Amino acid sequence: MLLILITIIIVTLITYIYLKPLIDNLFYSVPNEPKYIHSYIPIFGFSFQVITNPIEFIRSLYLKYGKIFVIYFASRRWIYIYDEQTYLTKVIKSDDFITFDAFITDIFIKDLNVNSQCMQHEESRVLQVKFFHHLLTGDELEILSRRAHDSLIESMKFDEKALANNNNIVNFFDHFGEFMLFGGTESLFGHSFAIEQRNITPSFYKLFQAFDQGLNLDIYGIPFRTIIYKTVFRHRNEFLKRFASFKLNNGESKLINAFEEMFRSDEYKYLFHQHDINALHATTLWVAVSITAPMSCWVVVDLLLHPEALAAVKQELSENVSSSSSIYDKEILTKLKILESCINETLRRVFNAVVIREALVDTTIECLDKTKIGLRKGDIVIYPAYLKHLDQNLFGSNPYRYQHDRFIKKPNQPKAPSIMIYGGGLHTCPGRFWVMNQIKILVTLIIQHMNIEFINMTDKDKEDYRKRLPYDYSKFASAGGPKKVYKNKFDIKYSYKNLHTG
Ligand code: HEM
């Protein structure tokens, strides 16, 4: 009897999920809707393709159905608009759309158990976004960059000491991912909080990875995830609790100081309980590190795979950085144009760049070519910038090819090519200047102080990776290192040099 009941429930559920898009179409459709592409796989729909290789999958739909189409993914309608000018002028600038907040807010409330009142309090959320935009620039940016530098040097020195007792083979992405995590932690939360985290087990990096994995699982809405991935979610909770020991006015950044002052002010303290504050701090650190760390690693990998690029960067460094100069100085960092081009070239080829907005109301937008697009309230409207970044018309017949000086304007070009890594409009990523500085500092320190050798990478592997890096696209909310099966190809043997001079 129980078995029959369970079977009926499962069949009903599958039928409902399978038919939901069709039912929605019947009741909620608006005029001029773009082409809806139906998946015949129940429940999962296109999730598998979107998770495993979004670029190839979305490109195949674009080639088949044109620049505007709709799919279902993670129980939502996703409207792809591969028309940059229309997206910039008619979506990003319009009040009919907001950033991806509602989706994220939902995850905070349901999955991170953050008090719904504080997540839905419009005024305080606007204030937090404002802090990000005001406090990651100017003098504060310089302080953040200096701290990231100091933390990286400290990580290297600790590591050099530990090397005397351990073997010197590690995974490149984990090793520098951890360095970058401590760089972000120290810059945002101050030295004493960072040093405390270095000394506690389980490792801060391991807990951070669990936080990242948990958020991605939540976004995909994997059923029974807290049971299947019990350890991940336990570690995620431990990660949140680490922020309970954070003490105000102890060397933190102006950004974290502003958050704390607001959370604990008379006006807002009724909204924010300690657990909510922990979750918001953990998320700020995650936002700052989860993309930057793997991207920094890919930048270094590309340089190590392309000797001509590495030589050009070394030459630029020797011309601009003297033994007495501080590489975190604004004047020096802005001079490193070749390195900046290398960074953009790696991000272009590796980062799964998109811009996302959500429709607040039923609405219609008119493309520059006069095509009308009808959108429903709640539609996720997405510009797949990665299609542009790998477009043969813009970046040559093999757009994956690495050209380190691509973003330096040549005399025969009207302007250097453009990419759209950081979104657009008023909500363009406020961390973009800090990202550039952090990656420049990491690359410089590695060149100045380390010898690195990929021990499992054959010449054939290197040849293959020069053509295309084995990037893991399965993370939607953050960014990835290599695909699992390639991870050991990025094991390194390394040593330090000149770490105690200057
Ligand atoms: C390589 C690293 C990074 C990439 C590729 C990246 C990319 C992006 C993108 C595409 C957006 C959405 C923009 C839009 O909707 O128009 C965004 C938003 C945001 N990013 Fe970044 N980001 C990076 C690093 C950082 C860092 C280091 C921080 C600093 C804490 C940061 C903080 C934010 C914040 C707060 C927003 C939301 C801004 C708003 O809604 O107004 N990001 N980022």
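Residues numbered from 1 in each chain as written. Predicted model: local features only at pLDDT ≥ 70, side-chain atom pairs only at ≥ 80, totals over all residues. Heavy atoms only, no water.

The protein chain goes by Cytochrome P450 in an unreviewed UniProt entry, where it is assigned to Rotaria magnacalcarata. Word for word, the UniProt comment on the protein chain under Cofactor (unreviewed entry) is "heme". (UniProt positions renumbered as here; feature names shortened; annotations may be inferred.)

*Asks:* Whenever I open this one, the sheet that holds strand S4 (residues 97-98) confuses me. Can you help?
*Replies:* Sheet strands pair by backbone hydrogen bonding; their relative direction is either parallel or antiparallel. Pairing is mixed in the open sheet, where 6 strands are placed in the order S1-S2-S3-S9-S6-S4. Each having just a single partner strand, strand S1 (35-36) and S4 make up the two edges of the open sheet. Across 2 bridges, S1 lies against strand S2 (residues 68-73) in parallel orientation. Along S2, the bridge assignment pairs Lys35 with Phe69. (Pairing = 2+ DSSP bridges. Helix = DSSP H or I, 4+ residues; strand = E, 2+ residues; numbered from the N terminus.)

*Asks:* I tried to follow the state of the cysteines on my own but got confused; where do I start?
*Replies:* Any covalent bond linking the sulfur atoms of two cysteines counts as a disulfide. In the structure shown here, the tally under the stated rule is 0 disulfides. Cys297 carries a free sulfur, and the closest cysteine sulfur to it, the one in Cys342, is 16 Å from it. On the accessibility criterion, Cys297 (1% relative accessible area) is buried. (Disulfide = S-S within 2.5 Å. Buried < 20%, exposed > 50% of the residue type's maximum accessible area, 1.4 Å probe, protein only.)

*Asks:* Would you explain the site of the ligand in this entry?
*Replies:* Near the ligand, the surroundings consist of 22 residues, among which His133, Arg357, Gly424, His427 and Cys429 are the closest. Gly424 places a polar main-chain atom, nitrogen or oxygen, 3.0 Å from an oxygen atom of the ligand. Contributing elements (two or more residues each) for the shell around the ligand: helix H7 (122-134), helix H15 (274-289), strand S6 (355-359) and helix H22 (432-449). Among the elements that line the shell around the ligand, the one with the most residues is H7, at 3 residues. Classifying every residue of the shell around the ligand gives 15 nonpolar, 6 polar and 1 charged. (Near = heavy atom within 4 Å. Polar contact = N/O pair within 3.5 Å; in protein donor to acceptor, adjacent residues only side chain to side chain. Nonpolar A, V, L, I, M, F, W, Y, C, P; charged D, E, K, R; others polar.)

*Asks:* Hey, could you run me through the packing of helix H8 (residues 138-163) against H22 in this one?
*Replies:* The description of two packed helices rests on the angle between their axes and on the distance between the axes. For the pair H8 and H22, the least separation of the axes is 10 Å and the interaxial angle reads 30°. Classified by the angle between their axes, H8 and H22 sit roughly parallel to one another. In this structure, H8 crosses over H22, and the sense of that crossing is right-handed. Contacts between H8 and H22 involve Leu141, Leu144, Ser145, Ala148, His149, Leu152, Ile153 and Met156 on the former and, on the latter, Phe433, Trp434, Asn437, Gln438, Ile441, Leu442, Leu445, Ile446 and His449. Looking at the contact of H8 with H22, its residues break down into 12 nonpolar, 5 polar and no charged. (Axes fitted to C-alpha atoms, helices over the stretch in contact; angles between N-to-C directions. Parallel < 35°, antiparallel > 145°, perpendicular 65-115°, else oblique. Left-handed = near helix turned anticlockwise from the far one by under 90°. Contact = heavy atoms within 4.5 Å.)

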